[in-house]
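# Structure assessment
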Amino acid sequence: MPSRVLIVATNGFEQSELTGPRDALNQAGIETVIASPEGGEIKGWQHTDWGDSVKVDATLDAVSAAEFDALVLPGGQMNPDVLRTKPEAVQLVRDFLEAGKPVAAICHGPWLLVEADVVRGKTVTSWPSIRTDLRNAGAKVVDQEVAVDGLLITSRKPDDIPAFSQAVIEAVQNATAAA
């Protein structure tokens, strides 16, 4: 059975931070599923304006950590700010970590990690504007393209997508090999 990764996003996700990791995972033979609070399609944000829409494969209430090998949280300012107000999105973060499965967040995506209260004592990175939030939540914040601390994988920005994607692929492959 192929590995499966859940990508959680909503309107306003940073276009490249969803499509880049999704495409890299798919090219590595890892199936990706996009879940959102609402069905249909969600619209991306590309730098300074609306980007393309992507099809939602499932709603948040229809997915569980048990069905997947890892969770990816794209950034963009709007996307994680909305998702951190959705109890089912925050609970999914906790569920993946409690199940011993990797959770990867890029740019503003770590806001969900703060909301889920899972960064205390962890080394993470993010977009500069949310680093204070991460520190206040007890994280050790670094400025590097990817930070891996146990099951948490974090990156700063779209330029980091290749390293971020590779770290996610390796975490999924290692988790699958260990199972």
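### Description of the overall build of the protein
- Across its full length, the protein holds six helices and 12 strands.
- Taken over C-alpha atoms, the radius of gyration comes to 14 Å for the protein, in line with the 16 Å a tight globule of 179 residues would show.
- The buried share of the protein, taken over its 179 residues, is 52%.
- Restricting to contacts in the protein with at least 6 residues of sequence separation, those with at least 24 account for 63%.
- As presented, the protein carries roughly 7,800 Å² of accessible surface, and 47% of it is formed by carbon and sulfur atoms.
- Charge centroids of the protein, computed over 15 positive and 25 negative side chains, lie 5 Å from each other.

### What to know about helix α3 (residues 87-98)
- Helix length check: α3 (12 residues) gives 16 Å between terminal C-alpha atoms against 16 Å at 1.5 Å per residue, within 8%.
- Among all positions of α3, only Ala-89, Val-90, Leu-92, Val-93, Phe-96 and Leu-97 are buried. Buried residues along α3 cover an arc of 155° about the axis, so they all sit on one side. For α3, exposure combined with an orientation more than 90 degrees from the buried face picks out Pro-87 and Glu-98.
- Along its buried surface, α3 packs onto β1 (4-8), β7 (70-73), α2 (78-83), β8 (103-106), α4 (110-115) and β12 (152-155).
- Backbone geometry just after α3 places Gly-100 at a positive phi near 75°.

### Overview of the nonpolar core
- Grouped together as the largest cluster of nonpolar side chains are 33 residues, with contacts concentrated most on Leu-6, Leu-73, Val-93, Val-103 and Leu-113.
- At the level of secondary structure, the elements contributing two or more residues to this core comprise β1, β3 (31-36), β7, α3, β8 and α4.
- If you tally residues by element for this core, the top one is α3, at six residues.
- Leave out the neighbours within four places in its chain, and Leu-6 touches Val-33, Ala-35, Val-63, Phe-68, Ala-70, Leu-71, Val-72, Leu-92 and Phe-96.
- Residues Leu-18, Ile-106, Val-146 and Ala-167 belong to the second largest nonpolar core, which totals 26 residues.

### Here's the deal with the pattern of salt bridges
- One pass over the full model with this rule turns up nine salt bridges.
- Between Asp-23 and Arg-22 there is a salt bridge whose closest N-O contact spans 3.0 Å.
- Ionic pairing is found between Asp-81 and Arg-84, a salt bridge with its closest N-O pair at 2.7 Å.
- The partly exposed category is assigned to Asp-81, whose relative accessible area is 33%.
- Salt bridges sharing common partners tie together Arg-131, Asp-143, Arg-156 and Asp-160.

### Topic: the packing of aromatic side chains
- Following the criterion strictly, the structure yields one aromatic pair and no others.
- When the ring of Trp-45 is compared with that of Trp-50, the centres are 5.1 Å apart and the planes differ by 85°; the resulting orientation is edge-to-face.
- On the accessibility criterion, Trp-45 (21% relative accessible area) is partly exposed.

### Focus on the sheet that holds strand β5 (residues 49-55)
- Across the sheet, which stays open at both edges, the three strands sit in the order β2-β4-β5 with mixed pairing between neighbours. The open sheet has two edge strands, β2 (13-14) and β5, and neither has a second partner.
- Examined bridge by bridge, β2 and strand β4 (residues 41-46) share two bridges and lie parallel to one another. Bridged to Phe-13 within β4 is Gly-44.

Criteria and thresholds
Residues numbered from 1 in each chain as written. Predicted model: local features only at pLDDT ≥ 70, side-chain atom pairs only at ≥ 80, totals over all residues. Heavy atoms only, no water. Helix = DSSP H or I, 4+ residues; strand = E, 2+ residues; numbered from the N terminus. Rg over C-alpha atoms; globule rule 2.2 N^0.38 Å. Buried < 20%, exposed > 50% of the residue type's maximum accessible area, 1.4 Å probe, protein only. Contact = heavy atoms within 4.5 Å. Areas by Shrake-Rupley, 256 points an atom, 1.4 Å probe, with all protein chains shown as cover. Lys, Arg positive; Asp, Glu negative; His and termini not counted. Charge placed at Lys NZ, Arg CZ, Asp CG, Glu CD. Expected span 1.5 Å × (residues − 1). Arc of directions from axis to C-beta. Core = buried A, V, L, I, M, F, W, Y, C linked by side-chain atoms within 4.5 Å. Salt bridge = Lys/Arg side-chain N within 4 Å of Asp/Glu carboxyl O. Phe/Tyr/Trp six-rings, centres within 6.5 Å; stacked < 30°, edge-to-face > 60°. Pairing = 2+ DSSP bridges.

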